[in-house]
Amino acid sequence: MTYVIVGASTGLGRALAEKFASENNDLIIISSDIDDLDALKNDLQNRFNVKIYSIEMSFEKNLNFNKIDDIVKKTNDIDGILLPIGFSDHHDNPHIDGDKIISLFNINLVNVCILVNHFLNSIKNKKLTITGFGSISAIRGRSRNSTYSSAKRALESYFESLRHSELNSKITIQFYILGYLDTNLTFGEKLVGFKPANIINLANKIYQNRFKDFGKKTYPSYWKITTFLLPLLPWFIFKKIKF
């Protein structure tokens, strides 16, 4: 089987690449850092004797699908697309400049949707799982990470629409709402509440669930209470919370 993993050079994407390769799956790994990708490619091929194709692609800019399309023709078989791509900026707030807003929306939303749409149009009548990733930061808007959380909230809505659209097709749509993870995105951050979850455990869960039509999951599951209660807080209380 062959899986596409976007954002594979670091964090959850890298953990997913290791897990799926260790289970004898070929991979198409995509990231903006080709040096890290090629190092990962060589490591996984040597350890697990699988085929790994690496593609340099920046989600800040317009996407070029020529290389992806060429590789898909070679493999002739895509079984899943995983999209653990995301980028946040410590200075992200409602007052950042327009270029940063565009960049954050492109990486976290716009080009993710464009990539999915490209695959939907190029791969017809194929059993396929598409897995997207949101964030607990999108539960309710706040002054910090305003652009990032807005993009992730929109991405969640897009995946819900996508699942509705593909109801009668062979495509399974999955979406994970992720709490704090033990990655470089949370390094040095002052985190409220629960400690960051281990990405190796998460990668194992995602692999186990790869064929399941569950729609949407919160991980770790203990964040479910937060996703339920936070939107219910009245404004006079919510506005006093600093996080």
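Look a little higher up for the structure.
Report on the accompanying structure. (Residues numbered from 1 in each chain as written. Predicted model: local features only at pLDDT ≥ 70, side-chain atom pairs only at ≥ 80, totals over all residues. Heavy atoms only, no water.)

1. Comments concerning helix H5 (residues 146-165)
No. 1: The terminal C-alpha atoms of H5, which comprises 20 residues, lie 29 Å apart, in line with the 28 Å expected from a rise of 1.5 Å per residue.
No. 2: Considered for burial, the residues of H5 that qualify are Ser 146, Thr 147, Tyr 148, Ser 149, Ala 151, Lys 152, Leu 155, Tyr 158, Phe 159 and Leu 162.
No. 3: Buried residues along H5 sit against strand E4 (80-83), helix H4 (98-122), strand E5 (128-135) and strand E6 (171-178). (Helix = DSSP H or I, 4+ residues; strand = E, 2+ residues; numbered from the N terminus. Expected span 1.5 Å × (residues − 1). Buried < 20%, exposed > 50% of the residue type's maximum accessible area, 1.4 Å probe, protein only. Contact = heavy atoms within 4.5 Å.)

2. Things to note about the sheet that holds strand E2 (residues 26-31)
No. 1: Pairing is parallel across the open sheet formed by 7 strands, whose spatial order is E3-E2-E1-E4-E5-E6-E7. Each edge of the open sheet carries a strand with a single partner, namely strand E3 (52-56) and strand E7 (215-219). Pairs of neighbouring strands in the sheet enclose a mean axial angle of 15°, with direction left out of account.
No. 2: Across 5 bridges, E2 lies against E3 in parallel orientation. When the bridges of E3 are listed, Ile 29 appears paired with Ser 54. (Pairing = 2+ DSSP bridges. Axes fitted to C-alpha atoms, helices over the stretch in contact; angles between N-to-C directions.)

3. With respect to the packing of H4 against H5
For any two helices packed against each other, one specifies the inter-axial angle together with the distance between the axes.
No. 1: Contact geometry for H4 and H5: axes closest at 8 Å, N-to-C directions at 15°. Between H4 and H5, the interaxial angle falls into the category roughly parallel. Of the two elements, H4 crosses H5, and the hand of that crossing is right-handed. Between H4 and H5, the residues in contact are Ile 101, Leu 104, Phe 105, Asn 108, Leu 109, Val 112, Cys 113, Val 116, Asn 117 and Leu 120 and Thr 147, Tyr 148, Ser 150, Ala 151, Lys 152, Ala 154, Leu 155, Tyr 158, Phe 159 and Leu 162, respectively. (Parallel < 35°, antiparallel > 145°, perpendicular 65-115°, else oblique. Left-handed = near helix turned anticlockwise from the far one by under 90°.)

4. A word on the pattern of salt bridges
No. 1: One pass over the full model with this rule turns up 7 salt bridges.
No. 2: Measuring nitrogen to oxygen at the nearest pair gives 3.0 Å for the salt bridge that ties Glu 23 to Lys 19.
No. 3: Residue classification places Glu 23 among the partly exposed residues on the basis of a relative accessible area of 34%.
No. 4: Across the pair Asp 43 and Arg 47 runs a salt bridge whose closest N-O atoms are separated by 2.9 Å. You can see Asp 43 and its partner Arg 47 sitting in helix H2 (residues 34-48), 4 residues apart, about one turn around the helix.
No. 5: When its relative accessible area of 44% is taken as the criterion, Arg 47 is described as partly exposed.
No. 6: Because the salt bridges share partners, they merge into one network encompassing Glu 18, Asp 43 and Arg 47. (Salt bridge = Lys/Arg side-chain N within 4 Å of Asp/Glu carboxyl O.)

5. What about the packing of helix H1 (residues 11-22) against helix H6 (residues 199-208)?
No. 1: Direction vectors running N to C along H1 and H6 enclose 55°, while the axes themselves pass 9 Å from each other. What the angle tells us is that H1 and H6 run oblique. The chirality of how H1 crosses H6 is right-handed. Every residue of H6 that contacts H1 at Gly 11, Leu 12, Ala 15, Leu 16, Lys 19 and Phe 20 is listed here: Ile 199, Ile 200, Leu 202, Ala 203, Asn 204, Ile 206 and Tyr 207.

Bear in mind that shape data such as this cannot, by itself, settle questions of function.
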